[in-house]
Amino acid sequence: MSYKNPLSISHEIVSKYLGEGDTAVDATAGNGNDTVFLAKIVGCRGKVYSFDIQNTAIENTRKKLKINDLLNRVELINEGHQLMDKYVPPGVKVIMFNLGYLPGGNHQIATKPKSTISAINKSLDLLQVGGIIMMVIYYGGDSGFEEKDAVMKYIEQLNYKKYSVLALNFVNWLNCPPISVCIEKTSE
């Protein structure tokens, strides 16, 4: 495993859980990198649901999927991730979040504590036992501190009999390094 950045850690962990034919969710499509990553793993028998509130993010993701011939495995949904339960059936194996703003986009348009916690809560219900939520929490500079604090407080109170929660951060990095969080559903 490479520990070079939180995103590579999240992909390494997800690849241990997700397989051919599984269902996955990219709760924050962004520029499409995680959606493409998930679509490659689930194969032609699997399904990925990819959410974003920004049309730009959905179109960026659509282009990447088309280039990689993966569009038929993915449902792109131009809605907030807090509405995922309206589109995604239960039994999901992996749900990924990259919290913060669209890389290269407007910093004023970013994930927010209330909708993110709602989305995490719904994700817990959609997950199958043995499935995971994988989050990378970006914060610092001009945004994200309130969301990071709210999300960390929320996940710390999850019932340890139902969920195992692991948070990884780079303690010697400068300037608010992103935090990787993995929540595994261990029982109903």
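Coordinates for the structure precede this section.
An account of the accompanying structure is given in this report. (Residues numbered from 1 in each chain as written. Predicted model: local features only at pLDDT ≥ 70, side-chain atom pairs only at ≥ 80, totals over all residues. Heavy atoms only, no water.)

1. Re the pairing of strand β3 (residues 74-77)
- Of the strand pairs in this sheet, strand β2 (residues 47-51) and β3 are connected by four bridges, and their pairing is parallel. Within β3, the residue paired with F51 across the bridge is I77.
- Assessed by its sense of winding, the connection that carries the chain from β2 through helix α3 (residues 55-67) to β3 is right-handed. (Pairing = 2+ DSSP bridges. Helix = DSSP H or I, 4+ residues; strand = E, 2+ residues; numbered from the N terminus. Right-handed = clockwise from strand over helix to strand, strands pointing away.)

2. Let's talk about α3
- For α3, spanning 13 residues, the distance from its first C-alpha to its last is 18 Å, which sits close to the expected 18 Å at 1.5 Å a residue.
- Among the residues of α3, those classed as buried are A57, I58, T61 and L65. Burial along α3 is one-sided: seen end-on, the buried residues are contained in an arc of 95 degrees. Exposed residues pointing more than 90 degrees away from the buried face of α3 are listed as N55, K63, K66 and I67.
- Looking at the buried side of α3, the elements it contacts are α2 (33-42), β2 and β3.
- Residue D69 follows α3 closely and has a positive phi angle near 55 degrees. (Expected span 1.5 Å × (residues − 1). Buried < 20%, exposed > 50% of the residue type's maximum accessible area, 1.4 Å probe, protein only. Arc of directions from axis to C-beta. Contact = heavy atoms within 4.5 Å.)

3. Structural notes on the pairing of strand β5 (residues 127-137)
- Burial analysis of β5 places nine of its 11 residues in the buried class, the great majority of the element.
- Of the strand pairs in this sheet, strand β4 (residues 92-99) and β5 are connected by seven bridges, and their pairing is parallel. Bridging from a neighbouring strand, V92 pairs with L127 of β5.

4. Here's the deal with the packing of aromatic side chains
- With the rule as written, the count across this model stands at one aromatic pair.
- Between F51 and Y87 the ring centres are 5.9 Å apart and the planes differ by 70 degrees, which places this aromatic pair in the edge-to-face class. With F51 in strand β2 and Y87 in the loop between β3 and β4, this pair connects stretches of sequence that are 36 residues apart.
- The ring of Y49 carries K47 above its face, with NZ or CZ at 5.6 Å from the centroid. (Phe/Tyr/Trp six-rings, centres within 6.5 Å; stacked < 30°, edge-to-face > 60°. Lys NZ or Arg CZ within 6 Å of the ring centre and 35° of its normal.)

5. Some details on the sheet that holds β2
- Strand order in this open sheet of seven strands is β3-β2-β1-β4-β5-β7-β6, and the pairing throughout is mixed. With one partner strand each, in any of the chains shown, β3 and β6 (163-169) form the two edges of the open sheet. On average, each strand axis in the sheet is tilted by 15 degrees relative to the strand beside it, whichever way the strands run.
- Its contacts with the sheet put α3 on β2 and β3, and the angle it makes with β3 is roughly 165 degrees. (Axes fitted to C-alpha atoms, helices over the stretch in contact; angles between N-to-C directions.)

6. With respect to the packing of α2 against α3
- The N-to-C vectors of α2 and α3 enclose an angle of 35 degrees; their axes lie 9 Å apart at closest approach. Between α2 and α3 lies a crossing whose hand is right-handed. Contact residues: α2 offers N33, T35, V36 and A39, while α3 offers T61, K64 and L65.
- Considering only residue class, the contact of α2 with α3 consists of three nonpolar, three polar and one charged. (Left-handed = near helix turned anticlockwise from the far one by under 90°. Nonpolar A, V, L, I, M, F, W, Y, C, P; charged D, E, K, R; others polar.)

7. A few points about the nonpolar core
- Ranked by internal contacts, the top residues of the largest apolar core, which has 29 residues, are M84, F97, M135 and I183.
- When contributions to this core are tallied by element, the ones reaching two or more residues are β2, β4, α4 (113-126), β5, α5 (145-156) and β7 (179-185).
- The residues touching F97, leaving out its near neighbours within four places in the chain, are A27, T28, H81, M84, A119, I120, S123, I133, M134, M135 and V136.
- The next biggest cluster of nonpolar side chains, apart from the first, holds 22 residues, and it includes I9, V14, F37 and V94. (Core = buried A, V, L, I, M, F, W, Y, C linked by side-chain atoms within 4.5 Å.)

8. Quick word on the side chain of R73
- Here R73 lies in the loop between α3 and β3.
- Notably, R73 is buried but unbridged: the nearest opposite-charge side chain belongs to E20, and the N-O separation is 6.4 Å.
- Apart from residues lying up to four places away in sequence, R73 is in contact with A39, K40, G43, C44, G46, K47 and V48. (Lys, Arg positive; Asp, Glu negative; His and termini not counted. Salt bridge = Lys/Arg side-chain N within 4 Å of Asp/Glu carboxyl O.)

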